[in-house]
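Structure assessment
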Amino acid sequence: MGLRTLIKKKFYNLKFSKKKNSQIKNQVILITGASSGIGLGICKKLIKDNKIIAVYNNNESNLKEIKNSNLIYLKCDLVHLNNYQEIEKKILENNIELIINCAGQFGSNNQSINDLDFDNFVNVLKLNSLSVLKILQLINNNNKIKHIKKIINMSSEGGSIEMNKKGNAYIYRTSKSALNSISKNLSIDLKQKFGISVITIDPGNVKTNMNNKGYLSPEKCAEYVVDIICDNKDYNGAFINLLKKNIPW
Ligand SMILES: NC(=O)c1ccc[n+]([C@@H]2O[C@H](COP(=O)([O-])OP(=O)(O)OC[C@H]3O[C@@H](n4cnc5c(N)ncnc54)[C@H](OP(=O)(O)O)[C@@H]3O)[C@@H](O)[C@H]2O)c1
């Protein structure tokens, strides 16, 4: 890492130097993308005091290492929207109160207009945007939605239409804009019908498999995400960063 990058990283992390001590207790929590990066960080932070249903796709090993009876983990490739039977089983057996949707992919390497891989485009849309709705449909159709209190959707500044100054990344940007639209719509629909809060978060620049040059640790990110969830202020319908600042849609 060059000196310039080191300095940038240092300054970035200074914004998150405040230790956040918020805790969630005694809830049943569904986390997608719980097997690595941000989702894993949140899972590890919450596992001691909550029951966690963790969804993974390829990477079982990190969850296996946790060894805590509060953890249930299951494999589901969320791209296959008609193949969520394992998740549905857990929905039926539990009263899920909090959902944290972290599963996501960036999409194929080259996303310029001349190289767009449309099959990959559709799959990423299914994963990054539609899987959130599909899980909720299963919860609703099994009469379990009344137990849900909050839904957290891990989006990205890259999905902000207003902030887009660089272009490119068609697949990722479109999938996150779609997620933002779904998330905002849910925040109106589910709030009115069931009193559920839906919050859209941009986690920032986090060092994970998706972003191996990221600055912030997944553990620090998890601390700030949990702090948002526990905040007395209801961020329903907002698109915010880890410092609770609004991001334009
Ligand atoms: N890191 C950042 O700087 C950053 C910035 C903005 C937004 N985000 C968002 O934060 C979320 C978490 O990303 P991350 O950075 O933590 O990346 P990550 O470490 O690559 O984690 C991605 C997670 O998604 C799961 N996943 C991928 N494809 C899946 C599929 N087909 N079915 C089910 N699960 C699947 C992975 O499961 P397996 O490992 O088991 O395959 C993994 O648990 C993503 O939505 C991402 O867009 C991240």
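Note that this is a predicted model, so its numbers are computed, not measured. (Residues numbered from 1 in each chain as written. Predicted model: local features only at pLDDT ≥ 70, side-chain atom pairs only at ≥ 80, totals over all residues.)

Between helix H2 (residues 37–46) and helix H7 (residues 218–230), the shortest axis-to-axis distance is 8 Å and the interhelical angle comes to 65°. When the interaxial angle is binned, H2 and H7 end up roughly perpendicular. The interaxial crossing formed by H2 with H7 has right-handed handedness. Contact residues: H2 offers Gly 37, Ile 38, Leu 40, Gly 41, Ile 42 and Lys 45, while H7 offers Pro 218, Glu 219, Cys 221, Ala 222, Glu 223, Val 225 and Val 226. (Axes fitted to C-alpha atoms, helices over the stretch in contact; angles between N-to-C directions. Helix = DSSP H or I, 4+ residues; strand = E, 2+ residues; numbered from the N terminus. Parallel < 35°, antiparallel > 145°, perpendicular 65-115°, else oblique. Left-handed = near helix turned anticlockwise from the far one by under 90°. Contact = placed C-beta atoms within 7 Å.)

Attention shifts here to the site of the ligand. As a structural note, the neighbourhood of the ligand is formed by 29 residues, with Gly 33, Gly 37, Asn 59, Gly 104 and Thr 208 the closest of them. Top contributing element to the shell around the ligand by residue count: H2, with 3 residues. (Near = placed C-beta within 6 Å.)

A separate point is the sheet that holds strand S7 (residues 239–241). Strand order in the open sheet made by the 7 strands is S3-S2-S1-S4-S5-S6-S7, with parallel pairing throughout. Edge strands, defined here as strands with exactly one partner in the open sheet, are strand S3 (71–75) and S7. Neighbour-to-neighbour, the strand axes of the sheet open up by a mean angle of 20°, direction not taken into account. Examined bridge by bridge, strand S1 (residues 28–32) and strand S4 (residues 98–101) share 4 bridges and lie parallel to one another. The residue bridging Ile 31 from the neighbouring strand is Ile 100, located in S4. (Pairing = 2+ DSSP bridges.)

This part covers helix H1 (residues 3–14). For H1, spanning 12 residues, the distance from its first C-alpha to its last is 17 Å, which sits close to the expected 16 Å at 1.5 Å a residue. The buried count for H1 comes to 0 of 12 residues, which makes it a mostly uncovered element. (Expected span 1.5 Å × (residues − 1). Buried ≥ 20, exposed ≤ 12 C-beta atoms within 10 Å, placed from the backbone.)

Bringing the nonpolar core into the picture now. Of all hydrophobic cores here, the largest spans 57 residues; its most connected members are Ile 31, Ala 34, Ile 42, Cys 43, Ala 54 and Val 225. Examining the composition of this core, we find that 7 residues originate from one element, H7, more than from any other. Excluding its chain neighbours within four sequence positions, the residues that come into contact with Ile 31 are Gly 39, Ile 42, Cys 43, Ile 52, Ala 54, Val 55, Ile 100 and Cys 102. (Core = buried A, V, L, I, M, F, W, Y, C linked by C-beta atoms within 7 Å.)

Moving on to unusual backbone geometry. One non-glycine residue with positive phi stands out, namely Asn 26, at about 55°. Positionally, Asn 26 belongs in the loop between H1 and S1. Positive phi values are uncommon outside glycine, yet Asn 168 reaches one of about 55°. Here Asn 168 lies in the loop between strand S5 (150–154) and helix H6 (170–194). Overall, the presence of 12 C-beta atoms within 10 Å leaves Asn 168 in the exposed class.

Below, the discussion takes up the environment of Lys 126. Along the chain, Lys 126 turns up in helix H5 (residues 118–141). With 17 C-beta atoms packed within 10 Å, Lys 126 lands in the partly exposed category. Between the C-alpha atom of Lys 126 and that of Leu 78, which follows or precedes it by 48 residues, the distance is 7.5 Å. If near-sequence neighbours (up to four positions away) are discounted, Lys 126 is found in contact with Val 79, Leu 81 and Ser 131.

Residues Leu 98 and Ile 100 line one face of S4 and the alternating positions Ile 99 and Asn 101 line the opposite face, and both faces are buried. When S4 meets S5, the two strands line up parallel, connected through 4 bridges. Each bridged residue has a counterpart across the sheet, and for Leu 98 the counterpart in S5 is Lys 150. The β-α-β motif built from S4, the intervening H5 and the parallel element S5 has right-handed crossover chirality. (Right-handed = clockwise from strand over helix to strand, strands pointing away.)

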